[in-house]
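Listed here are the chains, written in short residue letters.
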Amino acid sequence: LVRLAFMSDSKPDVATKTADVKGKTDKITRQNESISQTREALAATEKELDAAQEYYEKLKPGCVSGGVNYGDRVKQREDEVQSLKEALKILNGDDIPMPIESGRSAYATGASHQGD
């Protein structure tokens with residue numbers, strides 16, 4: 001009789017604990033799947049990173065000159081810019097030297113060299 005009473009009283013407790021075990025087992029399964037997907041994503045990202053770093057190492061020597069210091073590079077760029085500015089002036093006609101005839105420019109007087 002005591003055993004039947006105990007079994008009767010334990011049924012709801014056993015059902016609750018069985019449901020808890022099932023819920024926790026499902027949660028573990030979902031988390032294991034999530035871990036698996038995260039590891040796959042990590043592996044793919046690391047592969048992309050390795051490829052990017054390899055590409056960077058290939059580009060690095062061409063982008064960073066080893067023998068020229070920063071000051072020399074700045075001076076070279078300034079010289080290049082100045083040369084380009086002078087070329088632009090020439091192309092725009094701002095810096096064309098005018099021939100001088102008796103103190104006046106031939107272009108200013110409208111004179112032509114065709115008949116000379």
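Residues numbered from 1 in each chain as written. Predicted model: local features only at pLDDT ≥ 70, side-chain atom pairs only at ≥ 80, totals over all residues. Heavy atoms only, no water.

## Quick notes on the overall build of the chain
- Within the chain one finds 3 helices and 2 strands.
- Along the chain, from the amino end to the carboxyl end, the secondary structure elements read α-α-β-β-α.
- Taken over 116 residues, the chain has a buried fraction of 3%.
- Just so you have it, the chain exposes about 10800 Å², and 57% of that area is on carbon and sulfur atoms. (Helix = DSSP H or I, 4+ residues; strand = E, 2+ residues; numbered from the N terminus. Buried < 20%, exposed > 50% of the residue type's maximum accessible area, 1.4 Å probe, protein only. Areas by Shrake-Rupley, 256 points an atom, 1.4 Å probe, with all protein chains shown as cover.)

## Comments concerning helix 1 (residues 2–63)
- With 62 residues, helix 1 should reach 92 Å at 1.5 Å per residue; the first-to-last C-alpha distance of 88 Å fits that figure.
- Where helix 1 bends most, at Ser10, the angle is about 40°, and the proline Pro12 comes one to four residues later. (Expected span 1.5 Å × (residues − 1). Bend = angle between axes of the 7 residues up to and from the residue.)

## What to know about the pattern of salt bridges
- Throughout the structure, instances matching the rule amount to 5 salt bridges.
- We note a salt bridge from Lys17 to Asp13, for which the minimum N-O separation is 4.0 Å. Of this pair, Lys17 and Asp13 both sit in helix 1, 4 residues apart, which is roughly one turn of that helix.
- With a shortest N-O distance of 2.9 Å, Arg77 and Glu80 are connected by a salt bridge. Placement of both Arg77 and Glu80 in helix 2 (residues 70–92) is noted, with a separation of 3 residues, approximately one turn of the helix. (Salt bridge = Lys/Arg side-chain N within 4 Å of Asp/Glu carboxyl O.)

## Brief notes about the environment of Thr18
- Along the polypeptide, Thr18 turns up in helix 1.
- We classify Thr18 as partly exposed; its relative accessible area is 48%.
- At 2.7 Å, the side chain of Thr18 forms a polar contact with the backbone oxygen of Val14. (Polar contact = N/O pair within 3.5 Å; in protein donor to acceptor, adjacent residues only side chain to side chain.)

## Here we look at helix 2
- Compared with the 33 Å implied by 1.5 Å per residue over 23 residues, the 33 Å span of helix 2 between its first and last C-alpha is a close match.
- The N-cap residue of helix 2 is Asn69: its side-chain oxygen and the backbone nitrogen of Gly71 are 3.1 Å apart.
- Where helix 2 ends, the next residue or the one after it, Gly93, has phi of about 85°, a positive value.

## A few points about the confidence of the model for the chain
- Residues with a pLDDT of 70 or more make up 77% of the chain, whose mean pLDDT is 83.
- Residue range residues 108–116 is modelled with pLDDT below 50. Its contacts to residues more than four positions away, or to other chains, number 5 contacts. (pLDDT = per-residue confidence, 0-100. Contact = heavy atoms within 4.5 Å.)

## Observations regarding the environment of Thr29
- Mapped onto the secondary structure, Thr29 falls in helix 1.
- Thr29 gets classed as partly exposed once you look at its relative accessible area, which sits at 39%.
- A distance of 3.0 Å separates a polar atom in the side chain of Thr29 from the backbone oxygen of Thr25.

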